[in-house]
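Structural description and commentary
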Amino acid sequence: MNRFGYTRAGDVAEAVHAAAGDDAAQFIAGGTNLVDLMKERIAAPSRLIDITRLPLRAVKSLPDGGLEIGALVSNSDVAYHPEVASRYPLLSQAILAGASPQLRNMASTGGNLLQRTRCYYFYDAALPCNKRAPGSGCPARDGVNRIHAILGASEHCIAVHPSDMCVALAALAATVHVTGPAGARAIEFAEFHRLPGDAPERDTTLQPGELVTAVALPREGFAAHSTYLKVRDRHSYAFALVSVAVGLRMVDGTIAEARLALGGVAHKPWRDPTAEALLRGQRPDDALFAAVGEHLVRDARGCGHNDFKIALVRRAVVRALQQAVAGGPRA
Amino acid sequence: MLPGMGDDTCAITLKVNGSTLRLQVAPWTTLLDLLRERLGLTGSKKGCDHGQCGACTVLVDGVRINSCLSLAVMRDGASVTTIEGLAEGDALHPLQQSFIEHDAFQCGYCTPGQLCSAVGLIAEGHAHSEDDIRELMSGNLCRCGAYPNIVAAIGQAMRPRRDA
Ligand SMILES: Cc1cc2nc3c(=O)[nH]c(=O)nc-3n(C[C@H](O)[C@H](O)[C@H](O)COP(=O)(O)OP(=O)(O)OC[C@H]3O[C@@H](n4cnc5c(N)ncnc54)[C@H](O)[C@@H]3O)c2cc1C
Ligand code: SF4
Ligand code: FES
Ligand code: FES
């Protein structure tokens, strides 16, 4: 690890102020991603601003019927929170499908949003990588790319966002609350992460020095008909190759509203409103589900080792929709 | 910025296995390195140093975490329990006893982490079956493959003892 300064912030204003004074400073919460990246010398902050003492640990009901999760609530505490488990089971399932119990106890809601890709080349400081060293090239394109993107990639970067929690938050259409030097603002989840384009070094639309303070969930949690399906190399403790978050609102056997997000396939959780529209007003049916899977991968492109993900998405989408109709993964 | 914090080292207070310690630490010192290198508590192991194996698992304020990814300075004021703190004098912790009865280790390298993790798992209260134990112990790898006996040992420790 590099040598760095340490500041322990007591409140949001102090944290934002400390970050505003130093471009190379970084916030630290659970540390499960940042400390790892620092050990690999992928991150070398001048100063760590410890935000773990900020009063951002509450889960609160909102006046509009939604639920607000403070940025420092641990992944475990979100997953097992009674309101989350009963009203947003999709979110609990997604969190519990990720990492390990120890890591989930440490990891924060804000840090999970901002975790960086697990692309092998990004993690190897000896190799070029446009995300880590802009302009140096992307060895993954013609290299080992089994875990890489099939949707929304660019010639500059084919990395995927590794989070499970974020796939559920995309399907639930959450809102991210942030505070920065220019004040507070709210960002729709679909706008929070970005596609690589020609600036793969930027994972999100967060501005320099902005602190995530909370994530807000809308009232509708699709509790009766939702699922998180994660396909990976091991049964546990492995990142997703492909994952599918589904939430359906069923009225008299018909799909009144559908939400579907994919993980493991793009630089951000992948939501496609045109695919969701195919489901709306329809009765559940395997042929319809297969058509939705087909539609989702209509523009997908493999790079060789990851070609299998295209077929995997088609099939995983059908299975996830069947599970959601039945009432959940174990129904 | 708190008093006592220079740019190089910071003064922190940690309770480790019941003893309160005042320490001066560099901010880049992990909790694992502090425990092993400074405090001589070498029970917690450095298997991977990247959060991937669980050999460094300790309890911080009763919650199991990976000490290799935790900066000591950020734990100022916390209470840490390591494998060295599980037994009460000569009386083994029930999980330690159960691991011995079930032959739940071979080389023993992963065992301190397995035990601290199992203490955390039982305190969390989310395991209700052997499948749950397997899933919720997945953060602790065992290169010797002692998994079946580890699951059995934890299962026994979770049940009230017949002779108790
Ligand atoms: C072995 C291993 C396996 C894993 N497996 C999975 C998995 O299967 N699925 C999965 O989803 N994840 C997995 N993870 C990743 C894990 O979920 C993340 O590391 C974790 O969520 C990050 O949260 P944190 O609080 O520890 O972040 P930190 O490491 O503290 O911070 C991460 C980044 O976020 C920034 N940050 C933190 N909080 C804020 C805030 N409030 N505002 C602004 N910036 C902030 C930091 O500056 C830093 O850049 C795994 C991690 C490991 C080590
Ligand atoms: S895919 Fe992205 S992160 Fe991976 S090597 Fe290419 S530029 Fe870097
Ligand atoms: S040494 Fe900490 S998880 Fe392996
Ligand atoms: S007993 Fe040898 S690694 Fe687990």
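A brief report on the enclosed structure follows. (Residues numbered from 1 in each chain as written. Chains lettered and ligands numbered in written order. Predicted model: local features only at pLDDT ≥ 70, side-chain atom pairs only at ≥ 80, totals over all residues. Heavy atoms only, no water.)

Of regular secondary structure, chain A possesses twelve helices and twelve strands. Computed over its C-alpha atoms, the radius of gyration of chain A comes to 19 Å, within 12% of the 20 Å expected for a compact globule of 331 residues. Residue burial in chain A is summarised as follows: out of 331 residues, 57% are buried. Pairs at least 24 residues apart make up 65% of the contacts formed inside chain A by residues separated by at least 6 positions. Each charge sign in chain A was given a centre, from 36 positive and 32 negative side chains, and these centres are 4 Å apart. (Helix = DSSP H or I, 4+ residues; strand = E, 2+ residues; numbered from the N terminus. Rg over C-alpha atoms; globule rule 2.2 N^0.38 Å. Buried < 20%, exposed > 50% of the residue type's maximum accessible area, 1.4 Å probe, protein only. Contact = heavy atoms within 4.5 Å. Lys, Arg positive; Asp, Glu negative; His and termini not counted. Charge placed at Lys NZ, Arg CZ, Asp CG, Glu CD.)

Glancing now at helix α3 (residues 111-124) of chain B. All names here are of chain B. Compared with an ideal rise of 1.5 Å per residue, which puts 14 residues at 20 Å, α3 spans 20 Å between its outermost C-alpha atoms and is within 8% of the ideal. Those residues of α3 lying buried are Thr 111, Pro 112, Gly 113, Gln 114, Leu 115, Cys 116, Ser 117, Ala 118, Val 119, Gly 120 and Leu 121. Trailing α3 by a residue or two, Gly 125 shows a phi angle of about 75 degrees, which is positive. (Expected span 1.5 Å × (residues − 1).)

Turning to the environment of Ser226(A), a few remarks are in order. All names here are of chain A. Mapped onto the fold, Ser 226 is located in strand β9 (residues 226-231). Since its relative accessible area comes to 2%, Ser 226 is described here as buried. A sequence separation of 168 residues divides Ser 226 from Ala 58, and the C-alpha atoms of the two residues are 25 Å apart. Excluding its chain neighbours within four sequence positions, the residues that come into contact with Ser 226 are Pro 89, Leu 90, Val 246, Gly 247, Ala 324, Gly 327, Gly 328 and Pro 329. Engagement of the side chain of Ser 226 in a polar contact is seen with the backbone oxygen of Phe 222, the distance being 3.3 Å. (Polar contact = N/O pair within 3.5 Å; in protein donor to acceptor, adjacent residues only side chain to side chain.)

What follows deals with the environment of Val265(A). Residues and elements named next belong to chain A. By secondary structure assignment, the location of Val 265 is in the loop between β11 (254-263) and β12 (270-271). Along the backbone, Val 265 and Asp 77 are 188 residues apart, and their C-alpha atoms lie at a distance of 27 Å. Dropping the residues within four chain positions of it, Val 265 is found in contact with Ala 149, Ile 150, Leu 151, Val 160, Val 242, Trp 270 and Val 313.

Residues and elements named next belong to chain A. Around ligand 1 lies a shell of 34 residues, among which Phe 27, Gly 31, Thr 32, Ser 108 and Asp 164 are the nearest. The backbone of Gly 30 places a nitrogen or oxygen atom 2.9 Å from an oxygen atom of ligand 1. Starting from 980 Å² of accessible surface for ligand 1 in isolation, the protein chains cover 95%. Within the residue set of the shell around ligand 1, elements represented by two or more residues are β2 (25-28), α7 (109-113) and β8 (211-217). Each residue belonging to the shell around ligand 1 can be placed in one class, and the counts come to 15 nonpolar, 16 polar and three charged. (Near = heavy atom within 4 Å. Areas by Shrake-Rupley, 256 points an atom, 1.4 Å probe, with all protein chains shown as cover. Nonpolar A, V, L, I, M, F, W, Y, C, P; charged D, E, K, R; others polar.)

Now for the packing of helix α2 (residues 94-101) of chain B against helix α5 (residues 147-158) of chain B. Residue and element names in this part refer to chain B. At their nearest, the axes of α2 and α5 sit 8 Å apart, and the two run at 135 degrees to each other. Our classification of the angle between α2 and α5 gives oblique. You can see that α2 and α5 cross each other, and the crossing is right-handed. Here α2 contributes Leu 95, Ser 98, Phe 99 and Glu 101 to the contact with α5, which in turn contributes Ile 150, Ala 153, Ile 154, Gln 156 and Ala 157. A class-by-class count of the residues in the contact of α2 with α5 yields six nonpolar, two polar and one charged. (Axes fitted to C-alpha atoms, helices over the stretch in contact; angles between N-to-C directions. Parallel < 35°, antiparallel > 145°, perpendicular 65-115°, else oblique. Left-handed = near helix turned anticlockwise from the far one by under 90°.)

Attention shifts here to the sheet that holds β11(A). All names here are of chain A. Spatially, four strands are ordered β9-β10-β11-β12 in an open sheet, and the strand pairing comes out antiparallel. With partners counted over all chains shown, the strands left at the sheet margins are β9 and β12, one partner each. Of the strand pairs in this sheet, β9 and strand β10 (residues 242-251) are connected by six bridges, and their pairing is antiparallel. Counterpart to Tyr 228 in the pairing with β10 is Ala 245. Set on the sheet, helix α5 (residues 89-96) makes contact with β9 and β10; between it and β9 the angle comes to about 15 degrees. (Pairing = 2+ DSSP bridges.)

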